[in-house]
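Structure at a glance
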Amino acid sequence: MALSSASRVLAVLGPTNTGKTHLAIERMLGHASGMIGFPLRLLARENYDRIVKMKGARAVALITGEEKIVPPEPRWFVCTAESMPLDRPVAFLAVDEIQLCADPERGHVFTDRLLHARGREETMFLGAETIRPLIRRLVPEAEFQTRPRFSTLLYTGPRKLTRLPPRSAVVAFSAAQVYEMAELIRRTRGGAAVVLGALSPRTRNAQVGLFQEGAVDYLVATDAIGMGLNMDLDHVCFAGLAKFDGRANRRLGPAELAQIAGRAGRHMSDGTFGTTQELGPLDETAVEQIEAHRFDPLDNLFWRNGTLDFASPQALLRSLDARSPAPFLIRAREAEDHLALAALVRDRDLAERRWNPALVRLLWEVCQIPDFRKTLTDSHARFLGQVFRHLTGAGGRLPEDWTAEHVARLDSIAGDIDTLTNRIAHVRTWTYISHRADWLQRAAYWQELTRAIEDKLSDALHERLTQRFIDRRGSSIGRGSGERGELLGGVTRNDDVVVEGQTIGRLDGFAFVAENAAAVESRAVLAAARRALGSEIGRRVQRFAEEPDEAFALRLADQRVLWRGAPVARLVRGETPSAPRIEPLASELLDGDLKVRVRRRLEAWLAAELDRGLQSLRRLATAPLAGAARGVAYQLVEAMGVMPRARVEQQLSALQRDETQALARFGVRLGTESVFLPAQLKPASVQLKAMLWSLYEGGPVKPPPAGAVSIAVDPERPEALDLALGFRRMGPRAIRVDQLERLSAACRRLARQGAFAATPALRELAGCAEGEIAGVLKALGYRAQVDQAGISFAQRRRRDQRRRRSVAAAAAAEGPFARLGELVDRRPRSR
């Protein structure tokens with residue numbers, strides 16, 4: 001049964017909150033091309049947006065049933081599992097939540113991906129440990145990696161709904177029960193956000209946004225939160241344990257309960273789960289399994305024949321009904337597309353058609369139009385029949401007036417919650433159709449229109465849900481404080497500090513900045529704000545400590561360190577130029593252990609930043625060199641990667657061939673004018689060294705523009721600074737040392753043929769004006785001579801004369817960086 005493949009197949013298994021998706025995206029972006037399939041459109045869109053921020057919109061494609069964004073030459077594809085374009089070869093391929101192979105409705109799709117979807121170089125399946133034995137049977141070449149949960153998950157038993165802690169989610173399994181619970185929380189705790197599977201992604205995100213921003217402290221949801229929604233939840237409370245799965249009510253197993261309960265606690269923050277008092281306690285065995293993340297392995301997966309026969313509709317049905325090739329692969333029950341095909345085959349008009357494989361394939365594509373309303377009636381089949389007849393009619397496309405009539409019926413925001421939900425589901429079907437460019441004359445127009453209608457309806461539904469289930473006057477962070485008669489304050493996700501619904505300031509980094517002077521004059525308002533900030537600052541420091549280095553940046557103008565745009569620290573002069581100190585900005589909110597944690601993270605970031613900027617120097621400083629090569633390397637490190645050749649001419653003349661090759665392996669270039677590390681000429685390294693000089697010397701330093709060939713010599717700027725930044729002074733210009741090598745080589749070629757003129761090509765190499773080139777060439781050692789033709793330049797002065805001049809210039813250019821050699825491999829240590 002297993003599909004053999006030369007590529008590596010890796011199954012990354014573990015519970016929720018283990019970083020599996022992050023790992024897969026990181027691996028995918030490490031390949032030249034890739035594709036990842038998610039179980040939900042919401043998840044696909046969220047991760048598409050995330051990758052676009054990192055790699056740009058031109059490099060990433062999004063393909064779901066209702067949305068297609070495909071640039072001309074994308075490298076990476078983010079899709080729903082059903083929409084993965086498997087005919088497109090990619091180096092890396094991943095499928096998320098692979099344990100859904102056991103889902104009765106969609107399992108056959110995931111099983112097909114498990115059996116047949118492969119990347120050329122690497123394939124990764126992400127999911128729960130329960131599927132490990134079946135992956136081993138179906139894909140024997142697969143390697144396995146287990147990911148432990150970052151935080152613990154503990155059972156706290158039954159509680160009254162009115163006594164749930166803040167940041168809780170109540171989980172029910174029917175819309176009626178969700179509405180009932182949300183209404184009770186509105187009356188007793190001020191309100192709740194609502195999440196159901198029937199909501200559009202836009203409405204779902206807006207409701208989750210209310211919870212995340214702190215507008216409400218409670219969320220009531222179906223099991224839709226079990227997959228694809230990452231929230232700051234502390235507790236999950238089950239109001240029921242059984243759900244209707246499309247055929248009958250069934251009790252959820254421990255693994256399914258764990259998928260939902262695992263939403264509590266994010267990253268290193270622990271979470272809890274329990275039940276309502278009305279439901280009673282969970283079974284002890286189930287609790288033990290959920291807390292330990294140990295569940296019975298899956299025995300069966302759902303399967304559907306993927307080799308379809310398009311000779312006729314009846315042949316297609318027979319191929320869909322084919323028996324599975326193994327007893328543990330259960331033939332999937334008839335899916336929506338299968339049921340739709342069976343209904344259309346019974347249509348007398350269609351039965352009398354003359355069929356060919358292309359026509360049958362089109363019929364099957366029409367049957368795959370989803371019914372987001374889940375009506376389970378013949379109305380959807382009749383609609384599909386109309387679509388098929390139009391596509392096989394005279395025009396071969398859906399008529400514009402017929403399409404416009406159907407879409408226009410949905411363009412209304414009148415009605416209650418259920419009406420709007422049903423209307424959104426219907427327009428999503430039309431959004432799916434609009435992405436079939438070969439079915440519509442103006443596909444782009446209909447895509448834009450249906451998406452606009454869906455957005456309008458989604459916003460209206462969000463407004464209705466908010467009006468019904470949130471009491472704006474009573475909902476606030478810290479409701480427990482409100483019950484004691486105190487003002488209620490909180491910090492929103494946008495860092496606004498709010499008291500009783502009024503914004504009084506904002507949290508900028510770790511500092512509170514007041515913006516409403518009249519409000520903050522009140523003691524009660526300030527006390528409420530301080531209470532809110534006190535509870536928020538601990539969470540913020542925890543988040544700060546876990547941030548990747550990319551979240552921090554150095555603002556060169558004032559040496560401030562920014563955390564996601566907010567200033568949090570400043571660099572100050574250290575004992576040596578290469579070891580500046582970092583100090584958190586003053587904040588009354590940071591004291592004791594919190595300040596120590598902030599300082600440690602900042603020092604770790606600074607050490608890594610210096611590592612990146614001085615990487616080639618650190619490698620050279622620790623290189624296993626000997627003899628003359630070791631002496632050259634020591635002096636080059638001491639000079640921060642750039643020095644005149646004359647300074648080490650004696651050591652260079654003593655180098656053996658293997659020593660020269662060893663220096664080259666560590667990136668050292670032995671030029672005729674300079675010895676240098678090309679990596680230290682990159683803009684990032686130049687800016688870093690300019691900042692180090694500025695901190696140590698105490699004056700402002702403007703680094704050369706990125707890509708500059710040369711800069712004008714400024715008498716006010718020390719020559720040692722120019723050299724440290726990679727520029728050698730040659731008369732009126734300081735020329736970048738790699739460019740100086742090119743200029744010197746060009747002059748030597750011209751001088752071999754006799755006296756030469758300062759050509760435009762030489763001026764371009766020197767990056768100077770016509771009036772400056774003579775001074776540059778004289779500084780380079782060429783003799784100027786005047787004749788009837790004008791000024792020309794002859795052979796350079798004798799080598800020993802040039803050497804004495806260069807040594808003198810090098811000595812004059814000494815500066816603070818000359819002392820860095822012995823310190824370049826020392827990093828700032830935590831206090």
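This text goes with the structure placed above it.
A brief structural summary. (Residues numbered from 1 in each chain as written. Predicted model: local features only at pLDDT ≥ 70, side-chain atom pairs only at ≥ 80, totals over all residues. Heavy atoms only, no water.)

**What to know about the overall build of the protein chain**
In terms of helices and strands, the protein chain carries 30 helices and 34 strands. In the protein chain, which comprises 831 residues, the share counted as buried stands at 51%. Taking as baseline every contact in the protein chain between residues at least 6 positions apart, the subset at least 24 positions apart corresponds to 67%. Per element, the accessible surface of the protein chain, about 38,300 Å² overall, is 49% carbon and sulfur. (Helix = DSSP H or I, 4+ residues; strand = E, 2+ residues; numbered from the N terminus. Buried < 20%, exposed > 50% of the residue type's maximum accessible area, 1.4 Å probe, protein only. Contact = heavy atoms within 4.5 Å. Areas by Shrake-Rupley, 256 points an atom, 1.4 Å probe, with all protein chains shown as cover.)

**Some details on the pairing of strand β32 (residues 733–736)**
By the alternation rule, side chains of β32 split into Arg733 and Ile735 and Ala734 and Arg736, which are all buried. With three bridges connecting them, strand β30 (residues 710–712) and β32 associate as antiparallel partners. Paired with alanine 712 across the strands is arginine 733, a residue of β32. Bridge analysis of strand β31 (residues 727–730) against β32 gives four bridges, and the strand direction is antiparallel. Bridge pairing in β32 places methionine 730 opposite arginine 733. The turn joining β31 and β32, which pair antiparallel and follow one another in sequence, is formed by two residues; a positive phi near 65° is taken by glycine 731. (Pairing = 2+ DSSP bridges.)

**Quick look at the pattern of salt bridges**
Inspection of the entire model under this criterion finds 46 salt bridges. For aspartate 438, the salt bridge identified is with arginine 436, shortest N-O distance 3.2 Å. Aspartate 549 is paired through a salt bridge with arginine 601; the nearest N and O atoms lie 2.7 Å apart. On the criterion of sequence distance, the pair formed by aspartate 549 in the loop between α19 (523–546) and β23 (552–555) and arginine 601 in helix α20 (residues 592–613) is long-range, its members being 52 residues apart. One salt-bridge network, in which partners are shared between bridges, spans Arg41, Arg45, Asp49, Glu66, Glu67, Arg428, Arg451 and Glu454. (Salt bridge = Lys/Arg side-chain N within 4 Å of Asp/Glu carboxyl O.)

**Points about the nonpolar core**
In terms of nonpolar packing, the biggest core is built from 61 residues, with Leu341 and Val366 touching the most fellow members. A total of eight residues in this core trace back to one element, the largest contributor, which is helix α16 (residues 443–469). If we skip the residues at most four places from it in the chain, valine 366 touches Leu384, Val387, Phe388, Leu391 and Trp439. Within the second largest apolar cluster, 56 residues are counted, among which are Val561, Leu614, Met643 and Leu652. (Core = buried A, V, L, I, M, F, W, Y, C linked by side-chain atoms within 4.5 Å.)

**Brief notes about unusual backbone geometry**
What is expected of a backbone is that most residues other than glycine have negative phi and most peptide bonds are trans. Positioned with a positive phi, histidine 293 is a non-glycine residue whose angle comes to about 55°. With respect to the element layout, histidine 293 can be found in the loop between α8 (284–292) and β17 (301–303). Unusually for a residue other than glycine, methionine 640 sits at a positive phi of about 60°. Inspection of the secondary structure puts methionine 640 in the loop between α22 (627–638) and β27 (642–644).

**A word on the side chain of lysine 20**
Looking at where lysine 20 falls in the secondary structure, it is placed in helix α1 (residues 20–29). Buried charge lysine 20 goes without a salt bridge, the closest partner of opposite sign being glutamate 97 at 6.1 Å. A distance of 2.7 Å separates a polar side-chain atom of lysine 20 from the backbone oxygen of proline 15. Leaving out residues up to four positions away in the same chain, lysine 20 has contacts with Val12, Leu13, Gly14, Pro15, Leu126, Gly127 and Arg147. (Lys, Arg positive; Asp, Glu negative; His and termini not counted. Polar contact = N/O pair within 3.5 Å; in protein donor to acceptor, adjacent residues only side chain to side chain.)

**Section: the packing of aromatic side chains**
For the structure shown, the criterion picks out 13 aromatic pairs. When the centroid spacing of 5.8 Å and the interplanar angle of 25° are considered together, the rings of tryptophan 355 and phenylalanine 388 count as stacked. Here phenylalanine 388 lies in helix α13 (residues 379–391) and tryptophan 355 lies in the loop between α11 (348–351) and α12 (357–367), a separation of 33 residues in the sequence. Aromatic side chains phenylalanine 544 and tryptophan 563 sit 4.9 Å apart centroid to centroid with 90° between the ring planes, which places their arrangement in the edge-to-face category. Residue phenylalanine 544 is located in helix α19, and its partner tryptophan 563 is located in strand β24 (residues 560–563); the two are separated by 19 residues in the primary sequence. Given a relative accessible area of 6%, tryptophan 563 falls into the buried group. These aromatic residues form a ring-pair network of at least three members: Phe510, Phe544, Phe552, Trp563 and Trp605. The lysine or arginine in question, arginine 136, covers the ring of phenylalanine 144, its NZ or CZ lying 4.9 Å from the ring centre. Positioned above the aromatic ring of phenylalanine 310, the side-chain terminus of arginine 361 is 4.1 Å from the ring centre. (Phe/Tyr/Trp six-rings, centres within 6.5 Å; stacked < 30°, edge-to-face > 60°. Lys NZ or Arg CZ within 6 Å of the ring centre and 35° of its normal.)

**Quick word on the sheet that holds strand β16 (residues 271–276)**
Read across the sheet, six strands follow the order β9-β16-β13-β10-β12-β11 without closing on themselves; strand pairing throughout is parallel. Only two strands of the sheet have a single partner each, and these edge strands are β9 (153–159) and β11 (193–195). Sheet twist, expressed as the average angle between the axes of neighbouring strands with direction ignored, equals 20°. Across six bridges, the pairing between β9 and β16 is parallel. Following the sheet pairing, arginine 159 is matched in β16 by threonine 276. The sheet strands contacting helix α7 (residues 254–261) are β9, β10 (168–171), β13 (235–238) and β16, and the helix crosses β13 at an angle near 135°. (Axes fitted to C-alpha atoms, helices over the stretch in contact; angles between N-to-C directions.)

**A look at helix α6 (residues 201–213)**
Helix length check: α6 (13 residues) gives 18 Å between terminal C-alpha atoms against 18 Å at 1.5 Å per residue, within 8%. Every buried residue belonging to α6 is among Pro201, Thr203, Arg204, Gln207, Val208, Gly209, Leu210, Phe211 and Gln212, and all of these are buried. Where α6 is buried, its residues contact α2 (41–55), β10, β11, β12 (218–221), α15 (417–434) and α16. Just past α6, the residue glycine 214 takes up positive phi, approximately 90°. (Expected span 1.5 Å × (residues − 1).)

**Comments concerning the packing of α6 against α16**
Across the interface, α6 lies against α16 with an axial gap of 8 Å and an inter-helix angle of 35°. Considering how the two elements wind past one another, α6 and α16 form a crossing that is right-handed. Residues Pro201, Arg202, Thr203, Ala206, Gln207 and Leu210 of α6 form the contact with α16, whose participating residues are Glu454, Asp455, Ser458, Asp459, Leu461, His462, Leu465 and Thr466. Looking at the contact of α6 with α16 residue by residue, the class counts come to five nonpolar, five polar and four charged. (Left-handed = near helix turned anticlockwise from the far one by under 90°. Nonpolar A, V, L, I, M, F, W, Y, C, P; charged D, E, K, R; others polar.)

**Digging into the sheet that holds strand β28 (residues 669–670)**
Here three strands make up an open sheet; going across it, the order is β27-β29-β28 and the pairing antiparallel. Whereas interior strands pair on both sides, the edge strands pair on one side only; in this sheet they are β27 and β28. Packing of α22 onto the sheet brings it into contact with β27 and β29 (674–676), and relative to β27 it is tilted by some 115°.

**Details of helix α14 (residues 400–408)**
Inspection of α14 places Trp402, Thr403, His406 and Val407 among the buried residues, and these make up the whole buried set. Buried positions in α14, seen along its axis, are confined to an arc of 125° and lie on one side of it. Structurally, α14 contributes buried residues whose contacts are with α13, α15 and α16. (Arc of directions from axis to C-beta.)

**With respect to the pairing of strand β25 (residues 566–572)**
Counting buried positions along β25 yields five of seven residues, so the element is predominantly enclosed. Inspection of the sheet shows β24 paired to β25 by four bridges, in the antiparallel sense. Of the residues in β25, the one forming a bridge with leucine 562 is proline 567. Counted along the chain from β24 to the antiparallel partner β25, the turn is two residues long, and its residue arginine 564 has a positive phi close to 50°. For β25 and strand β26 (residues 581–584), the ladder comprises four bridges, and the chain directions are antiparallel. Within β26, the position partnered with alanine 569 by the bridge is proline 584.

**Remarks on the packing of helix α10 (residues 336–345) against α13**
Running from N to C, α10 and α13 cross one another at 70°; their axes reach a closest spacing of 9 Å. The angle between α10 and α13 places the two elements in the roughly perpendicular class. The handedness of the crossing between α10 and α13 is right-handed. Each of Ala340, Ala343 and Leu344 in α10 lies in contact with α13, whose residues at this interface are Ala381, Leu384 and Gly385. (Parallel < 35°, antiparallel > 145°, perpendicular 65-115°, else oblique.)

The analysis is restricted to geometry; functional conclusions fall outside its scope.
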